[in-house]
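Here are the chains, one letter per residue:
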Amino acid sequence: MHLSPIIELSLFGLPFKLDLSALLMLFVTCAIVFVFAKLAVRNLSVTNPGKLQNFIEWVVDFVRNIIGSVMDDKRGRRFLSLGMTLILFIFVANLLGLPFSVVTEHVKPLIVFGHEVAAVTEELHHDHIPHVLWWKSPTADASITLGLAIMIIAMAHFLGLRSNPRKYFKHFVTPFPVFLPINLMEVVSKPLTLGLRLYGNIYAGEVLISVLLGLSAASIPGLIIWQGFSLFVGGLQAFIFTMLAMVYISQELHADGDHEH
């Protein structure tokens, strides 16, 4: 597998590593979604809607149905923008690594922002030339998918705590206080399963594409078939992530009157 371009920085004296390719692809994904959204609402028409307007209206109805399946319309209306952002962002992010990848060779240390790229220099002592991957699906990076999942779960708990603090804390000892450790384990497991599910599916797809690209020309039909299947998987994983995000938010808001696990 190719290396990632990582630089080591420090914040308030605490060291941390920054993946430049992940940062680049996050920016590209946000830019694509922003441009698409602007184009979709640029020339709205009631009497003669264009194809892009029809598509975005279909996406809005699709997301509205997702939210409506887990909470009532009054509560769910305020999460429509969140659902739209999630499904578009994740779908675009899932597909960026499918058409192509950008890999560079480096025979000497690479300096970015005044810092040496650690992933490159670690391989300089070996006989082969290191290859660094710059273009990939950002959701093929576990740190990104886990970060996204943690933000969703944290927001769900914040909303639940703000809407009904007494009921929020009570559900940790429901149905009996002895269930407290299990309920706390569920809090930790939700972002792990939510993030790793997305990461595993997208990363595995890109690994298989890399393997097919390294084979002979006979693998081209298989590559085309897998590209089409990956397109389906990318859309499916965007749907699953958005659906689970709304389910978790609904649970913490007690949208049905009770907290269900």
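Up top is the structure.
Computed from a predicted model, the values in this text were never measured in an experiment.

About the criteria used
- Residues numbered from 1 in each chain as written.
- Predicted model: local features only at pLDDT ≥ 70, side-chain atom pairs only at ≥ 80, totals over all residues.
- Heavy atoms only, no water.
- Helix = DSSP H or I, 4+ residues; strand = E, 2+ residues; numbered from the N terminus.
- Buried < 20%, exposed > 50% of the residue type's maximum accessible area, 1.4 Å probe, protein only.
- Contact = heavy atoms within 4.5 Å.
- Areas by Shrake-Rupley, 256 points an atom, 1.4 Å probe, with all protein chains shown as cover.
- Core = buried A, V, L, I, M, F, W, Y, C linked by side-chain atoms within 4.5 Å.
- Axes fitted to C-alpha atoms, helices over the stretch in contact; angles between N-to-C directions.
- Parallel < 35°, antiparallel > 145°, perpendicular 65-115°, else oblique.
- Left-handed = near helix turned anticlockwise from the far one by under 90°.
- Nonpolar A, V, L, I, M, F, W, Y, C, P; charged D, E, K, R; others polar.
- Phe/Tyr/Trp six-rings, centres within 6.5 Å; stacked < 30°, edge-to-face > 60°.
- Patch = residues over 30% accessible without salt bridge, like charges linked within 9 Å, V, L, I, M, F, W, Y side chains within 5 Å.
- Salt bridge = Lys/Arg side-chain N within 4 Å of Asp/Glu carboxyl O.
- Pairing = 2+ DSSP bridges.

(A) Main features of the overall build of the protein chain. Across its full length, the protein chain carries nine helices and six strands. The burial tally for the protein chain puts 39% of its 261 residues in the buried class. Contacts in the protein chain between residues at least 24 apart in sequence constitute 73% of all its contacts with a sequence separation of at least 6. Here the protein chain has roughly 15,200 Å² of accessible surface; of this, 69% comes from carbon and sulfur atoms.

(B) The arrangement of the nonpolar core in detail. The biggest cluster of nonpolar side chains holds 40 residues, and the ones touching the most others in it are Phe79, Ile90, Phe241 and Ile249. Taken together, the elements giving at least two residues each to this core come down to α1 (20-40), α2 (51-68), α4 (80-95), α6 (142-163), α8 (180-213) and α9 (220-253). Not counting residues up to four positions away in its chain, the partners in contact with Phe79 are Ile67, Met71, Leu159, Met246, Ile249 and Leu253.

(C) Molecular detail of the packing of α2 against α9. Where α2 meets α9, the axes come as close as 9 Å, and the angle between the chain directions of the two elements is 40 degrees. Relative to α9, the element α2 lies oblique. Relative to α9, α2 is oriented so that their crossing is right-handed. Counting all contacts with α2, which are made through Phe62, Ile66 and Ile67, the residues of α9 involved are Phe239, Met243 and Met246. For the contact of α2 with α9, the per-class residue count stands at six nonpolar, no polar and no charged.

(D) Representation of the packing of aromatic side chains in the model. Within this structure, the stated rule accounts for nine aromatic pairs. Geometrically, the ring pair formed by Trp58 and Phe62 is stacked, given 5.3 Å between the ring centres and 15 degrees between the ring planes. Residue Trp58 and its partner Phe62 are located together in helix α2, separated by four residues, close to a single helical turn. Judged by relative accessible area, which is 29%, Phe62 ranks as partly exposed.

(E) Expanded view of a nonpolar patch on the surface. A contiguous nonpolar surface patch, about 600 Å² in accessible area, is contributed by Phe34, Val35, Leu39, Leu52, Phe55 and Trp58. At the level of elements, α1 and α2 are the ones that each hand at least two residues to the nonpolar patch. Turning to its location among the elements, Phe34 is positioned in helix α1. Classification of Phe34 as exposed rests on a relative accessible area of 55%.

(F) View of the pairing of strand β2 (residues 14-19). Two strands pair when backbone bridges link them, and strand β1 (residues 6-11) and β2 are joined in this way by six bridges, in the antiparallel orientation. Within the sheet, the bridge partner assigned to Ile7 lies in β2 and is Leu18. Where β1 folds back on β2, the antiparallel hairpin that results is connected by two residues, among which Phe12 adopts a positive phi of roughly 55 degrees.

(G) Main features of the pattern of salt bridges. All told, the structure shown has six salt bridges when counted by the stated rule. Linking Asp72 and Arg75 is a salt bridge whose minimum nitrogen-to-oxygen distance equals 3.9 Å. Residue class for Asp72 comes out partly exposed when judged on its relative accessible area of 34%. According to the relative accessible area criterion, Arg75 is partly exposed, its value standing at 28%. Between Glu252 and Lys190 there is a salt bridge, with its nearest N and O atoms 4.0 Å apart. Taken as a pair, Glu252 in helix α9 and Lys190 in helix α8 lie far apart in primary sequence, 62 residues in all. Both residues of the pair, Glu252 and Lys190, count as buried. Linked through salt bridges whose partners overlap, the residues forming this network are Asp19, Lys136 and Asp141.

(H) Structural detail: the packing of α6 against α9. Their axes nearest at 7 Å, the elements α6 and α9 cross at an angle of 25 degrees. In terms of orientation, α6 and α9 fall into the roughly parallel class. In this structure, α6 meets α9 at a crossing whose hand is right-handed. Contacts from Leu148, Ala149, Ile152, Ile153, Met155, Ala156, His157, Leu159, Gly160 and Ser163 of α6 reach α9 at Phe241, Ala245, Tyr248, Ile249, Glu252 and Leu253.

(I) Here's a closer look at the environment of Tyr248. Its place among the elements puts Tyr248 in helix α9. For the pair formed by Tyr248 and Ile153, sequence separation is 95 residues and the distance between their alpha carbons is 7.1 Å. The contact partners of Tyr248, leaving out residues within four places of it in the chain, are Ile153, Ala156, Lys190, Thr193 and Leu194.

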